[in-house]
Amino acid sequence: MIDPMITKETARRRTFAIISHPDAGKTTLTEKLLLYGGAIGLAGSVTASKRKRDTSSDWMELEKKRGISISSTVLQFDYDGFRLNLLDTPGHKDFSEDTYRVLMAVDAVVMVIDAGKGIETQTRKLFEICRKRGIPIFTFMNKLDRPSRPLLGLMDELETVLNLKAYPINWPLGNGPDFKGVYDRKNKQVHMFERLAKGAYRAPVSVHDLNDSFVKSNLHESVYKEVVEELEILDATQGEFDIKQVLTGKQTPVFFGSAANNFGVELLLRGFLEYSTGPSPRNSLNGLVPVAHPYFSAFVFKVQTNMNPMHRDKVVFVRICSGKFMRNITVKHARTGEDIKLSDSHNIFGRDREIVNEAYPGDIVGFVTKNDLKIGDTITEDPNIVYGEIPRFAPESFAFLENAVTSGYKAFRKGMDHLLAENIVQAFQLKTPRNSMPLLGAVGPLQYEVLQYRLKDEYGAESNLNPMPWKILRWVESHTEEQMLAILPNGAGLALDDQDRLVMLFPTDWSLKYFKETQPTVVLVDSPAIKHYQST
């Protein structure tokens, strides 16, 4: 029997992430959405003065020192009757795999683009992940308070570079010092903003008709004329807004503004809530699972240790997919078949925690636990529900990390065990050339810097990094270890991942290409086949 409370509560959930190229303003926009959502009273900024307030989403000490996000964070707040679960993803390209995992847990994304630079490399990569999943994409053209590229050209770039139909919901009135507001195309209203120092508070706004004398007097004559002409071009060429295409990721509603000055942020928030939908049914290995399914189910997409350094705890983040979560519920751990009691459940807001007694599909809940829960695991009341494992991606940088101080080996080993569980880096067991230490694989070197920093900061363990020459990893899907050892070329490596899947390591693109040409029967892939396990 369908519980009407589950249906009602699920309908008001919105679970989304913000994606962008580094420095496009993602973390600033996150902070301002929290400001307008009422979750914080004063906005911080990663670009403020030395006496800056820490942004709510950047809780790790290294993040505050570098001024970038390097760990995905979950932020939950209520706005206008909706419950929003906002997943702030890492902004640095070296942590793209963490971002990929987060995108498995959301129902929509806000794509932030620097209007002065247009679509950049990392934006394209993250967009492709969203396209493969058909995730609805809402675009925020940011930094209009600075000189921007031609606006119509930005719209064309969305369509030509990303093959994504763009529909501007609003349109900016000028850019750089002349940026004074936006025109709401649906309601045919001009929203004029007032700048405040450092954007710490909501920007005062007044609403007018486009022909209002107040609007004309506050814009340069040339800017006003250009805006009118551009709006006429949009009306003649943009076609219709199609909500069905938005919800399948084929059309993107576009909003303009400046997150730093709070211009257009609330319009983005309201537009996102108007055009997005609540959580949808999720595919399991045994078919589609409706959100109103009577049994609770969820999957793990993130593990974080030492969020409370005083207690050396481990927090496992899950995305709820069906049913209703109740604190102290007993669930089945699908991978091990064990029963787990979920008692220490929290909403996580940066470093702050709030006990969760109940939650619904779409919600993100953090569990403080010592159970062997890993990324991709399913926890469920119904053992027939098992969600597919979150995919793995090939690392591009490899190294050994060694204990630097003999007397500190115990702390080093403990720290490595805990941090590897987070998948900051991937671990492999090298078969040839043989080495008893785990070979670490990362998307980029900053991941090793974070690993070493946290080993020292959280465990007091000094370490030495020994980089290896390999640059490319591929999973082997056609041959056994013995067969591969017989044909392994000079300079290549052979290893097992943490699920005992065979991988090959190559030093260059040329060596990979040559191996494929000389060994055409060997099947190599850059993301392994999902290893399914039977529910019990």
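Reading the values: the criteria
- Residues numbered from 1 in each chain as written.
- Predicted model: local features only at pLDDT ≥ 70, side-chain atom pairs only at ≥ 80, totals over all residues.
- Heavy atoms only, no water.
- Phe/Tyr/Trp six-rings, centres within 6.5 Å; stacked < 30°, edge-to-face > 60°.
- Helix = DSSP H or I, 4+ residues; strand = E, 2+ residues; numbered from the N terminus.
- Buried < 20%, exposed > 50% of the residue type's maximum accessible area, 1.4 Å probe, protein only.
- Polar contact = N/O pair within 3.5 Å; in protein donor to acceptor, adjacent residues only side chain to side chain.
- Contact = heavy atoms within 4.5 Å.
- Pairing = 2+ DSSP bridges.
- Axes fitted to C-alpha atoms, helices over the stretch in contact; angles between N-to-C directions.
- Parallel < 35°, antiparallel > 145°, perpendicular 65-115°, else oblique.
- Left-handed = near helix turned anticlockwise from the far one by under 90°.
- Nonpolar A, V, L, I, M, F, W, Y, C, P; charged D, E, K, R; others polar.
- Salt bridge = Lys/Arg side-chain N within 4 Å of Asp/Glu carboxyl O.

Caption draft 1: Quick peek at the packing of aromatic side chains. One pass over the structure, following the stated rule, counts 13 aromatic pairs. For the pair Phe-138 and Phe-272, a centre-to-centre distance of 5.0 Å together with 75 degrees between the ring planes defines the contact as edge-to-face. With Phe-138 in strand S5 (residues 137-142) and Phe-272 in helix H10 (residues 265-275), this residue pair connects regions lying 134 residues apart in the sequence. You'll find Phe-138 and Phe-272 in the same group, each marked buried. By way of ring pairs, the aromatic residues Phe-16, Phe-138 and Phe-272 are connected into one cluster.

Caption draft 2: Molecular detail of the side chain of Asp-363. For Asp-363, the position within the fold is in the loop between strand S21 (358-359) and strand S22 (364-368). Here the side chain of Asp-363 touches Arg-13 through a polar contact of 2.9 Å, side chain to side chain. Engagement of the side chain of Asp-363 in a polar contact is seen with the side chain of Asn-85, the distance being 3.1 Å. Asp-363 has contacts with Arg-13, Thr-15, Gln-76, Arg-83, Asn-85, Val-318, Arg-319 and Ile-320, leaving out every residue within four places of it along the chain.

Caption draft 3: A look at the sheet that holds strand S27 (residues 463-467). Sheet architecture is open: eight strands sit in the order S27-S24-S26-S25-S29-S30-S28-S31, paired in antiparallel fashion. Each edge of the open sheet is held by one strand with a lone partner, namely S27 and strand S31 (524-525). Note that strand S28 (residues 472-476) and strand S30 (residues 502-506) share four bridges and pair antiparallel. Bridge pairing in S30 places Ile-472 opposite Phe-506. Each of S28, S30 and S31 touches helix H14 (residues 509-518); the most contacted strand, S30, lies at about 125 degrees to it.

Caption draft 4: Summary view of the packing of helix H11 (residues 409-420) against helix H12 (residues 446-459). Where H11 contacts H12, the axes come no closer than 10 Å and their chain directions differ by 120 degrees. As summarised for this structure, H11 and H12 are arranged oblique, according to the angle between their axes. The two elements H11 and H12 meet at a crossing, and its hand is right-handed. Contact residues: Ala-411, Phe-412, Lys-414, Gly-415, Met-416, His-418 and Leu-419 in H11; Leu-451, Arg-454, Leu-455, Glu-458 and Tyr-459 in H12. Looking at the contact of H11 with H12 residue by residue, the class counts come to seven nonpolar, two polar and three charged.

Caption draft 5: Structural view of the sheet that holds strand S9 (residues 189-193). If you trace the four strands from one edge of the open sheet to the other, you get S7-S8-S9-S10, paired in antiparallel fashion. Both edges of this open sheet fall to strand S7 (170-173) and strand S10 (205-208), since each of them pairs with a single strand only. Neighbour-to-neighbour, the strand axes of this sheet turn through a mean angle of 25 degrees, independent of strand direction. Its contacts with the sheet place helix H8 (residues 221-237) against S7 and strand S8 (181-184), and it is angled at close to 160 degrees to S7.

Caption draft 6: Broad picture of the side chain of Asp-377. Mapped onto the secondary structure, Asp-377 falls in the loop between S22 and strand S23 (378-380). Within the structure, the side chain of Asp-377 is placed 2.8 Å from the side chain of His-333, a separation counted as a polar contact. Of note is the side chain of Asp-377, whose polar atom sits 2.8 Å from the side chain of Arg-335.

Caption draft 7: Fine view of the environment of His-479. Locating His-479 in the fold gives a position in the loop between S28 and helix H13 (481-487). For His-479, the residues in contact, after removing those within four places along its chain, are Met-484, Leu-502, Thr-521 and Val-522. In terms of polar contacts, His-479 uses its side chain to reach the side chain of Ser-478, at 2.8 Å.

Caption draft 8: Layout of the pattern of salt bridges. If you walk through the whole model with that rule in mind, you get 21 salt bridges. Ionic pairing is found between Asp-497 and Arg-501, a salt bridge with its closest N-O pair at 2.7 Å. Comparing Asp-497 with Arg-501, the two get one shared label, buried. Three or more residues joined by partner-sharing salt bridges are found here, namely Glu-9, Arg-12, Arg-13 and Asp-363.

Caption draft 9: View of the pairing of strand S18 (residues 339-342). The alternating pattern of S18 places Ile-340 and Leu-342 on a buried face, while none of Asp-339 and Lys-341, on the opposite face, is buried. The antiparallel hairpin formed by strand S17 (residues 329-333) and S18 contains five residues in its connecting segment, where Gly-337 sits at a positive phi of about 80 degrees.

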